[in-house]
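Given next are the chains, with one letter for each unit.
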2 protein chains.
Amino acid sequence: MRATLPAVSDLKEWYRLHQREILEDYFTFLKFPSLSTDPAYKLSVRETALWLKEFLQKCGLCAELWETTGHPVVFASLLHAGPDRPTLLFYAHYDVQPVDPIGEWHSDPFDPVLKEGKVYARGASDNKGQCFYTLCAIRAYLELMKESAVNIKVFIEGEEEIGSLGTAGILASKEKELKSDYLFLLDFGISNAHSPAVMMGMRGLLSLEVTVQNSAIDLHSGVHGGMALNPNHALLSALSKMWTESGRIAIPGFFDDVALPAQEELDRYDLSFDPVSYKNKFGIKACIPTPGASLLESNWFYPSLDVNGMYGGYCGEGFKTVIPAKARAKISCRLVPHQDPHKIAEALTAFLKNHLSENLHVEIKILQQHASYRAAWDTNVVKISKEAYEEVFSKECRYLLCGATVPLVPKLAFYSGGEAALIGVALDSDDMHAPNEHFDLERFEKGFLVIGRILISCSSFS
Amino acid sequence: MRATLPAVSDLKEWYRLHQREILEDYFTFLKFPSLSTDPAYKLSVRETALWLKEFLQKCGLCAELWETTGHPVVFASLLHAGPDRPTLLFYAHYDVQPVDPIGEWHSDPFDPVLKEGKVYARGASDNKGQCFYTLCAIRAYLELMKESAVNIKVFIEGEEEIGSLGTAGILASKEKELKSDYLFLLDFGISNAHSPAVMMGMRGLLSLEVTVQNSAIDLHSGVHGGMALNPNHALLSALSKMWTESGRIAIPGFFDDVALPAQEELDRYDLSFDPVSYKNKFGIKACIPTPGASLLESNWFYPSLDVNGMYGGYCGEGFKTVIPAKARAKISCRLVPHQDPHKIAEALTAFLKNHLSENLHVEIKILQQHASYRAAWDTNVVKISKEAYEEVFSKECRYLLCGATVPLVPKLAFYSGGEAALIGVALDSDDMHAPNEHFDLERFEKGFLVIGRILISCSSFS
């Protein structure tokens, strides 16, 4: 082991020397269309995993693929430091969101483009960008240290965007491999480019798909209009009843278990939020927070309900006078602590069935059920993360919550058995899940430095 | 002129001798993807028109294309019989409906397949099938007669499925060419394969598209859920208000001008209709007729309102947790006599705007506005058609109405100045506008015989 540990300035120097190589590898990573939701891309997803495995091996870790019923996990470890030294587990994901509406991209989502310091590609931020600066930081740390003073484990899944069903299924059998002191979950962000933050929790997710069918085939709306019930009408009528006239969620029991944080906890969060700049940033015209809550409180402390997709009939250019056989909607809820995803799924299913005619064929498929998560306050891992952020950003680190969901977090925290920190440098304005997703290289470097600084901090533990 | 006119048996013999050639040409016609609604097929539409023009020339008519702001009209005429003889104008269309959902076709919609006496292809029935047996009948008549005893005009448009906007625009300038004594509109049908019928009218059509936008880009439903208004919610809420809880159309003023036919008129229609066999035929589970009306009365005598397409957010495989920037619906009304399409368009537009938040960007595009049509009773043209049907089918001809719309009918009837008959041998079960559209060759031949018999009847007029 080196007598003196490297400093952040050493990490910066390493980054400067390897900048070109980092960018090349990052672009290679982004070029894989690792779309986990679409079965047509199954092979591409695996190729991405194999590339990552090789990359981790080149960094000096032992890497392997863990097969699941879905897409494989890339797991890598370097345990030379020995059982007396701290073990760090880093989590990220290599799968990405679909790219549609494809017409709104200014460049090919899988042919990354560097423009004015920003990399444009699907996954540039979520989560290939965050994943890759983490791997680069591990590599830099290992090269600067010569010999690692901590045990390092890396867990990169390929199912984050589709609910981690297969991945969750293998965790129990990998408990030994996952065991760690500190779990760093690299799929989170900060509220603006200059203000570092540790996230203390996230909302859960319930998603389902409802299909309503009346006729066996699509019908001509002239020949059948006024006779056959239109499943579009049945579906939109049922969906519209999910909210009251004033926009409050009307599913019976939906809010039963929602409890607001105690004042003491509330006081620790950075609740500063400017609705005007928020609306300007995304070109949003209308907001509809939970009654009685500010926009940010609504997103952090309350559940939400969204129709993420609805379709029935002719959706192309021009017109087609059709009464479709089927109409379908994709619906999701974000859940807060104490809300049981299974209980909410039952309430929502019962509500929809109740409002859809018994005469129609109704199919409701529950797709994802993930609980929310809260990290413990005042742990070592939060302290280390906070210090790393503050050194790299030269600014006080805040505490935030995340309105979104990383499905595996509660389960991975459980099986690792370690203290968990929800970190990262993503921004809402990275257009994750939207056309023209991007990530700027300045933040990429900062993320790299934060992870490097965390590794160095842990190395100093006696 | 022949001393004796040919009989239906002569037509049958001619058909038998030319059967193979007819089928070959019919298949060639069906192979053109003449999708009028999709700009990508503009050239294919024109190629179809050029093929028809050539076919009509081979039959001995003078044929030409009439350019419009949309797709061209194929017009052909043979006026050798002279001004003292009757002039017959035949109307059909060569454009077809879109083919989606393409996955539900059992064969390529533009590669016709003959299976158990039925031809499967887009347009097999609507309207290439009906158009083509008409052209074959004209050819047979001319060959059997040696010299035509009537003047023949043929008008085949390429915009029926998209509202005939360009076609309607040239009618006034073609008044002289369109002038005729009898107008046969070949885009109608019968209620079952063995019962001939003349249609005495059709409903009108109003169609529009409403787009609701909130944010400039698609938003992540975790990051923004509970803050940004989801345009899917705004749209489905507004659409759901178009009906009362019991399913009656709730647009103010919608029914104001609706008047039921007098009892005398009602008595002449064949109102026999079996709801059970109707539902079985199309696999329909639920019907929702206008309150107080039977299914058939609802389709014939009352206006209807349908959401023909709605979509917003992710509609593909799997899931995408998105709050879409935009949501859109395609809506149409079928209108009855005395309802003014412009007045209903205004009422519907005002209703939707009224129920969509002023804070959202709302765009409403009126696409089609066509009045309904009623033919006169007891005209020569209805009498000739009825007799032709009865001879060919050996069964009494009924009087029906059509719930669907052929947009050009009222305008073409006006400019031709002649008596109009809405005829054809299509069936609702031909799956027009749906996957696996088909037409059976037995009915194709009957249609051919009906048109041939009509031509012969008119030739006997002194």
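Everything discussed here concerns the structure shown above.
This text gives an overview of the structure that appears in the document. (Residues numbered from 1 in each chain as written. Chains lettered and ligands numbered in written order. Predicted model: local features only at pLDDT ≥ 70, side-chain atom pairs only at ≥ 80, totals over all residues. Heavy atoms only, no water.)

Considering the overall build of chain A
Item 1. In terms of regular secondary structure, chain A is built from 14 helices and 18 strands.
Item 2. Relative to the 2.2 N^0.38 estimate, which gives 23 Å for 462 residues, the radius of gyration of chain A is 23 Å and therefore close to what a compact globule would have.
Item 3. Considering only C-alpha atoms, chain A reaches an extent of 85 × 50 × 45 Å along its principal axes.
Item 4. Out of the 462 residues in chain A, the part that is buried amounts to 63%.
Item 5. By sequence separation, contacts in chain A at least 24 residues apart represent 81% of the contacts at least 6 residues apart. (Helix = DSSP H or I, 4+ residues; strand = E, 2+ residues; numbered from the N terminus. Rg over C-alpha atoms; globule rule 2.2 N^0.38 Å. Buried < 20%, exposed > 50% of the residue type's maximum accessible area, 1.4 Å probe, protein only. Contact = heavy atoms within 4.5 Å.)

Points about helix H7 (residues 231–240) of chain A
Residues and elements named next belong to chain A.
Item 1. Burial analysis of H7 places nine of its ten residues in the buried class, which makes it a mostly covered element.
Item 2. Restricting attention to buried positions, one finds in H7 the residues Pro231, Asn232, His233, Ala234, Leu235, Leu236, Ala238, Leu239 and Ser240.
Item 3. One side-chain oxygen at the N-terminal end of H7 lies 2.9 Å from the backbone nitrogen of asparagine 232; it belongs to asparagine 230. (Polar contact = N/O pair within 3.5 Å; in protein donor to acceptor, adjacent residues only side chain to side chain.)

Describing helix H1 (residues 8–31) of chain A
Each full turn of the α-helix corresponds to 3.6 residues, which orients residues three or four apart in the same direction.
Residue and element names in this part refer to chain A.
Item 1. An ideal rise of 1.5 Å per residue puts 34 Å on 24 residues; H1 reaches only 30 Å between its terminal C-alpha atoms.
Item 2. Histidine 18 marks the point of greatest bend in H1, at about 65°.
Item 3. Among all positions of H1, only Val8, Leu11, Trp14, Tyr15, His18, Ile22, Asp25, Tyr26, Phe27, Phe29 and Leu30 are buried. (Expected span 1.5 Å × (residues − 1). Bend = angle between axes of the 7 residues up to and from the residue.)

What to know about the interface of chain B and chain A
Item 1. Contact with chain B, which involves 92 residues of that partner, is made by 93 residues of chain A.
Item 2. For the pair chain B and chain A, the summed buried area comes to about 7,600 Å², and 57% of that belongs to carbon and sulfur atoms.
Item 3. For the pair chain B and chain A, the interface holds four salt bridges.
Item 4. Between Glu245(A) and Lys241(B) there is a salt bridge; the shortest N-O distance is 3.4 Å.
Item 5. Per element, the largest residue contribution to the side of chain B that touches chain A is ten residues, and it comes from strand E11 (residues 304–313) of chain B.
Item 6. Tallied by class, residues from the side of chain B that touches chain A come to 43 nonpolar, 34 polar and 15 charged.
Item 7. For strand E11 (residues 304–313) of chain A and E11(B), the ladder comprises five bridges, and the chain directions are antiparallel. Bridge pairing in E11(B) places Gly313(A) opposite Gly309(B). (Buried area = accessible area lost by both parts, 1.4 Å probe. Salt bridge = Lys/Arg side-chain N within 4 Å of Asp/Glu carboxyl O. Nonpolar A, V, L, I, M, F, W, Y, C, P; charged D, E, K, R; others polar. Pairing = 2+ DSSP bridges.)

Points about the sheet that holds strand E13 (residues 326–335) of chain B
Picture the strands of a sheet paired through backbone hydrogen bonds; they go either parallel or antiparallel.
Item 1. Taken together, the eight strands give an open sheet; going across it, the order is E14(A)-E9(A)-E13(A)-E11(A)-E11(B)-E13(B)-E9(B)-E14(B), and neighbouring strands pair in antiparallel fashion. In this open sheet, the two strands that pair with only one neighbour each are strand E14 (361–370) of chain A together with strand E14 (361–370) of chain B. Mean inter-strand twist for the sheet, computed between neighbouring axes without regard to direction, equals 20°.
Item 2. Summarising the sheet, strand E9 (residues 204–213) of chain B and E13(B) pair through ten bridges and their orientation is antiparallel. For Ser207(B), the partnering residue across the bridge sits in E13(B) and is Ser332(B). (Axes fitted to C-alpha atoms, helices over the stretch in contact; angles between N-to-C directions.)

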